[in-house]
Each structure stands twice: as C-alpha cells, then as structure tokens.
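# Inside the fold
Next come the chains, spelled out residue by residue.
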Amino acid sequence: MEFRTDIIVANAGAIAEGVLITLLVTSFSFLVALVLGAVVGILRRRRGVLSRLLGGYVSFFRGTPLLIQLFLIYYGLPSIGLSMPRYVAAVLSLALNSAAYISEILRGALGAVPKGQEEAAQVLGLTRMETLVFIVFPQALRVALPALVNSFSSILKDSSLVSVLSIIELTRIGQLIYTRTYRAFEIYLTVALIYYVLTETVACFSRRIERALEI
Amino acid sequence: MFDGKGDGCAIDVREVTKRFGSLCVLDRFSCRFEKGRTTVVIGPSGSGKSTLARCICGLETYDEGSITLFGENVASLRTRPRAMSRRVGMIFQHLNLWPHMTALENIAFAPRRCLGMDEGEAQELASNLLERVGLQDKAWNKPTQLSGGEQQRVAIARALALSPSHLVFDEPTSALDPELVGEVLAVMSDLSKNGMGMLVITHEMQFAREVSDKVVFMAEGVVQEEGAPEKIFNAPVLERTQMFLQRTMRRHY
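Below or above, wherever it landed, is the structure these notes cover.

### Observations regarding the overall build of chain A
- A count of helices and strands for chain A gives 9 helices and 0 strands.
- Projected onto the principal axes, the alpha-carbon positions of chain A cover approximately 70 × 50 × 25 Å.
- Looking at the 215 residues of chain A, the share that counts as buried comes to 43%.
- Here the analysis covers contacts within chain A between residues at least 6 apart in sequence; of these, 74% occur between residues at least 24 apart.
- Accessible surface for chain A amounts to roughly 11,400 Å². Of this, 67% is attributable to carbon and sulfur atoms.

### Notes on the packing of aromatic side chains
Residues and elements named next belong to chain A.
- As enumerated under the stated definition, the model contains 11 aromatic pairs over all chains in all.
- Between Phe-3 and Phe-185, the ring centres sit 5.9 Å apart and the planes meet at 90°, which makes this aromatic pair edge-to-face. Here Phe-185 lies in helix 9 (residues 184–213) and Phe-3 lies in the segment before helix 1 (5–10), a separation of 182 residues in the sequence.
- Judged by relative accessible area, Phe-3 falls into the partly exposed class, the value being 41%.

### A few points about the interface of chain A and chain B
- Taken together, the contacts link 19 residues of chain A with 25 residues of chain B.
- Of the roughly 2,000 Å² buried where chain A meets chain B, counting both sides, 61% is carbon and sulfur surface.
- The tally of links between chain A and chain B comes to 2 salt bridges.
- The partner of Arg-54 of chain B in a salt bridge is Glu-119 of chain A, and the shortest N-O contact between them spans 2.7 Å.
- The tally of links from chain A across to chain B stands at 6 residue pairs in polar contact (both at pLDDT 80 or more).
- Residue assignment for the side of chain A that touches chain B shows that the elements contributing at least two residues are helix 6 (115–123) and helix 7 (128–158) of chain A.
- When its residues are assigned to classes, the side of chain A that touches chain B shows 9 nonpolar, 6 polar and 4 charged.

### Quick notes on the pattern of salt bridges
- Taken as a whole and judged by the stated rule, the model has 18 salt bridges over all chains.
- The salt bridge partner of Arg-45 of chain A is Glu-118 of chain A, with a shortest N-O separation of 3.7 Å. With Arg-45 of chain A in the loop between helix 2 (12–43) and helix 3 (49–63) and Glu-118 of chain A in helix 6, the pair connects residues that are 73 residues apart, well separated along the chain.
- Close ionic contact of Arg-19 of chain B with Glu-64 of chain B constitutes a salt bridge, the shortest N to O distance being 3.2 Å. A residue pair is termed long-range when its members are at least 10 positions apart, and Arg-19 of chain B in strand 1 (residues 9–20) and Glu-64 of chain B in strand 4 (residues 64–69) qualify at 45 residues.
- Via salt bridges that share partners, Arg-44, Arg-62, Glu-104 and Arg-107 of chain A belong to a single interconnected network.

### A word on a negative patch on the surface
Residue and element names in this part refer to chain B.
- Side chains of Glu-105, Asp-118, Glu-119, Glu-121 and Glu-124 sit close together on the surface and give a patch of like negative charge.
- The element contributing the most residues to the negative patch is helix 4 (residues 119–132), with 3 residues.
- The topology assignment puts Glu-124 in helix 4.
- With relative accessibility at 53%, the residue Glu-124 sits in the exposed group.

### Some details on the sheet that holds strand 10 (residues 222–227) of chain B
Residue and element names in this part refer to chain B.
- Pairing is mixed in the open sheet, where 6 strands are placed in the order 6-7-8-3-9-10. Every other strand in the sheet has two partners, leaving strand 6 (88–91) and strand 10 as the edge strands with one partner each. Averaged over neighbouring strand pairs, the angle between their axes works out to 20° when direction is ignored.
- Bridge count between strand 3 (residues 38–42) and strand 8 (residues 197–201): 4 bridges; the pairing is parallel. Looking at strand 8, one finds that Val-40 is bridged to Val-200.
- Sitting on the sheet, helix 5 (residues 148–160) is in contact with strand 6 and strand 7 (166–170), with an inclination near 170° to strand 6.

### Some points on the packing of helix 2 of chain A against helix 8 (residues 170–181) of chain A
Residue and element names in this part refer to chain A.
- Remark: helix 2 packs on helix 8, axes separated minimally by 7 Å, with the N-to-C direction vectors making an angle of 150°. Taken together, the axis directions place helix 2 and helix 8 in an arrangement best described as roughly antiparallel. Two secondary-structure elements touch here, helix 2 through Ala-14, Ile-15, Gly-18, Val-19 and Thr-22 and helix 8 through Leu-170, Ile-173 and Ile-177.
- Looking at the contact of helix 2 with helix 8 residue by residue, the class counts come to 6 nonpolar, 2 polar and no charged.

### As for helix 3 of chain A
All names here are of chain A.
- End to end, helix 3 covers 21 Å across 15 residues, agreeing with the expected 21 Å (1.5 Å per residue, within 8%).
- Within helix 3 the residues assigned to the buried category are Ser-51, Leu-54, Gly-55, Tyr-57, Val-58 and Phe-61. End-on view of helix 3: buried residues confined to an arc of 160°, all on one side of the axis. Across from the buried face of helix 3, at angles greater than 90 degrees, the exposed residues are Val-49, Arg-52, Leu-53 and Gly-63.
- Residues of helix 3 that are buried make contact with helix 2, helix 4 (66–76) and helix 5 (86–112).

### Re helix 7 of chain A
- Across its 31 residues, helix 7 of chain A extends only 37 Å between first and last C-alpha, which sits more than 12% below the 45 Å expected from 1.5 Å per residue.
- Its axis deflected by about 55° at Ala-144 of chain A, helix 7 of chain A carries its strongest bend there, up to four residues before the proline Pro-146 of chain A.

Parameters at a glance
Residues numbered from 1 in each chain as written. Chains lettered and ligands numbered in written order. Predicted model: local features only at pLDDT ≥ 70, side-chain atom pairs only at ≥ 80, totals over all residues. Heavy atoms only, no water. Helix = DSSP H or I, 4+ residues; strand = E, 2+ residues; numbered from the N terminus. Buried < 20%, exposed > 50% of the residue type's maximum accessible area, 1.4 Å probe, protein only. Contact = heavy atoms within 4.5 Å. Areas by Shrake-Rupley, 256 points an atom, 1.4 Å probe, with all protein chains shown as cover. Phe/Tyr/Trp six-rings, centres within 6.5 Å; stacked < 30°, edge-to-face > 60°. Buried area = accessible area lost by both parts, 1.4 Å probe. Salt bridge = Lys/Arg side-chain N within 4 Å of Asp/Glu carboxyl O. Polar contact = N/O pair within 3.5 Å; in protein donor to acceptor, adjacent residues only side chain to side chain. Nonpolar A, V, L, I, M, F, W, Y, C, P; charged D, E, K, R; others polar. Patch = residues over 30% accessible without salt bridge, like charges linked within 9 Å, V, L, I, M, F, W, Y side chains within 5 Å. Lys, Arg positive; Asp, Glu negative; His and termini not counted. Charge placed at Lys NZ, Arg CZ, Asp CG, Glu CD. Pairing = 2+ DSSP bridges. Axes fitted to C-alpha atoms, helices over the stretch in contact; angles between N-to-C directions. Parallel < 35°, antiparallel > 145°, perpendicular 65-115°, else oblique. Expected span 1.5 Å × (residues − 1). Arc of directions from axis to C-beta. Bend = angle between axes of the 7 residues up to and from the residue.

Read these as geometric descriptors, not functional statements.
Here you go:
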C-alpha cells in the first residue's frame, strides 16, 4: 500500500479553510463560554434559588453528551419556536457546554483566594466590585489559567462534532475529501495531526504565560 | 475639623454583644479608646479580642449594642460610607498583602481608588510611606520576595496611605518568626510616639508595658480589668489578671 501525499497536497487549500473555520468556531465559543462561565461562577458563590438553578444548568450540561446538546439546540429548539442559523447553534452549544465546566473552574479558583485578601480591601474602603475586579479576579485567574487553557483545547477538539450540522470545518472537510477519494488513512491522519499541532501550540503558549506570571 | 464632637474618644464600644450560634463571643462589651492614644488589649485566646477588632473595622456585624467611631454610629461596612472606613485602618495577623502587586502598588492602590489621586501622586505618597517604615529600597518587590516582618511593615504603610485617625492591629506579630517581631514593633512604637491613635491586640507584654497608654485585659467577652500599664502589670486587682500575666510572662521570658 502506498501513502498518497498528493491527495493532501491537492486539497491543501480546502483543508486550510477548514482549519480557519474550526479556529473561528472555537474562539467565538470560548469567548462566550468565558463570559458566561465567569457570571455563573460568581453567582454560584452565594447560596439561594438562583445559585441552585444555575447548579442545575451546570449539572445538566456536564452530564449529557455534547452531540445530544447540539441536536437539541439545532433540531429540538425550533419546535418551541426557537430556531437559529447552524453557526449560531454550533457556537451556542459549544459555549453552553464549556461554560458549565468553566464556571466550576472559576468558582474553585475564586474560592482559593484567601478571605483575608478581600478583607484587606474592604477595610481600606474599596467597594465590592473594585475588590472583585482588582484584588480577587487577578489572583483567581492565575490559579485557573491552566484549567482554562485546557477548556480551550477541549472546545477545539469538541468542535469536530459540529460537522454534523454541515458546518464546513476541519473534520467536515476531511469527510468531504474522503467521499471523493476513499483514502481514509491519509486524510484522517492529516486531520488528526492538525488538531494535535493546534492543541499543542495552545498548551505551549499557556506554559509560557504561566512561567511569566509566576511571582 | 474631624473631631467635631470634642470629647477625646476615637472608638466607643457600648454594650456590644456578638454571638456565633450559641457561643457568646462578646458579652455586652464596653470600652472607650481615646484619640491619639495607644491602647493594648490582652487576654487569653478565645476571649473575643479578634472579634472586637473585626466588629470595630466592620468586617463582622454584631447582634446588640453600638460602636461609635469619632462620634458617628456605624453598624457594618456595607452601610458604612467610604469616608468612615478611611478613618480607622486595620492591620491583620495574616499580613494580607496583595501578592500580585508590588509593595509600592499595594500602598498606592487605595489612595488612587478611594481618594482619587493620580498615579504620580499616589506613588509619591507610597514611596514616602515606605521610607517611613524603612523599606524604600523594596518598593518594586512582590510580597513573596519580602520577609514576614517586611510584609507587615508594608501592610502598616498601606493602612497609613489613607491617613487614618486610628489604627487597629489584630495580633500583628503573632504570625512572624521571633527574630522579625522587633522591626514591626519598632515601627509601631514610632507611630505611637508620633501621636497615632492605636488599638493593639497583642501578646507582646514588653511592648504593652513600654508603649501603651492603657491596657485592657479581657476574657470571656468582657473587660475584666483596665488601667495604666504600670497598674495592670505591677498591681493587678483581679486574681485572674495576675494568673494570666504570670502564665504569659513565664512563656516569654
């Protein structure tokens, strides 16, 4: 059996476009997840009805498969009058799923900042908001950074699932090339390697930031 | 202008009761802390000393009674206006410097946010305060690069940055290695001599004896005995005070 690199070379342009879409979907989803996760994480620090409701959301999205969440949001929600373009559905699913994890990461990181840090700010007359933004958050982010980068990598890999919504990202491109050439090994190995290089690059970048942030 | 009320009282604690569940930590506690004077509060652990400090500084609410700071009644920090919390500064046992900021930034932060100083002004103020606590060459060090004693001195400078009228110290040297205690006490003595009002919770009896204007012995959430340091240390009235002092002195010397 021969290894047909020419197939990869011939389709390099299409593959590059797939990578771009994958990166765009991942980045948008991560940004939304970060904001959503931060809000949920902060709100869940206090006890109450809202906190319990949000706890239900976190538990549901962590306890069900992402693929089913995608189907539910894209095919299911229109029956109750909520339909949206595939790209929106894809980003929303990935973001809701990831935000559930990120909220827990941030809640843990916020809890890891000693109470005395806030108290020192309080007795100096800083408001709760100032304390959260300038004192607690920067310290929590340091603790959370490795886990957050990990979340980014997870979204990057999970984004291959949105190919089922016919979004022409990296995985979908691979499938399309396969249906024309039937060279599964070359194509999927290439796709896998590209995902690997992307996640490794992110991990490497994060290690560098962590080192820079070390006190 | 600050001291409109005219009497010499900075902090007036009246009949304050604080319960944690069924445990009564402060039991109708009353005590006055004079302006510009140094009062040392001593007592066995669990006697409510820290809770007293935390109630005064608004970190803890209390169930009954009243606390008056410079003639103004305050309940808790949430309802306390910024101007009020600036009047009384607090120094903690566990240092609590912000680790992501340099020594200089730790000091300059509150004046910028609360007094509206610009960066240059705040930094100049911070440098001056660092000099005052003898750490002008450590301005750009992060807290982890400082010894415990140095950190506590930065914490004192940070509290001073808002020009408070009174400082509350909650066991400022208890978390420090013994050889670092002296430098912190020296800064505190200096402040006391320069007329800063201070409420100091401490087990450093030598400091209490030499620096304070008044010593308060508390146990079980109430003042047991109070008076001038010579009186408390040389001629305590209560047997309980004698016992406590004997035990503490034996441990220290």
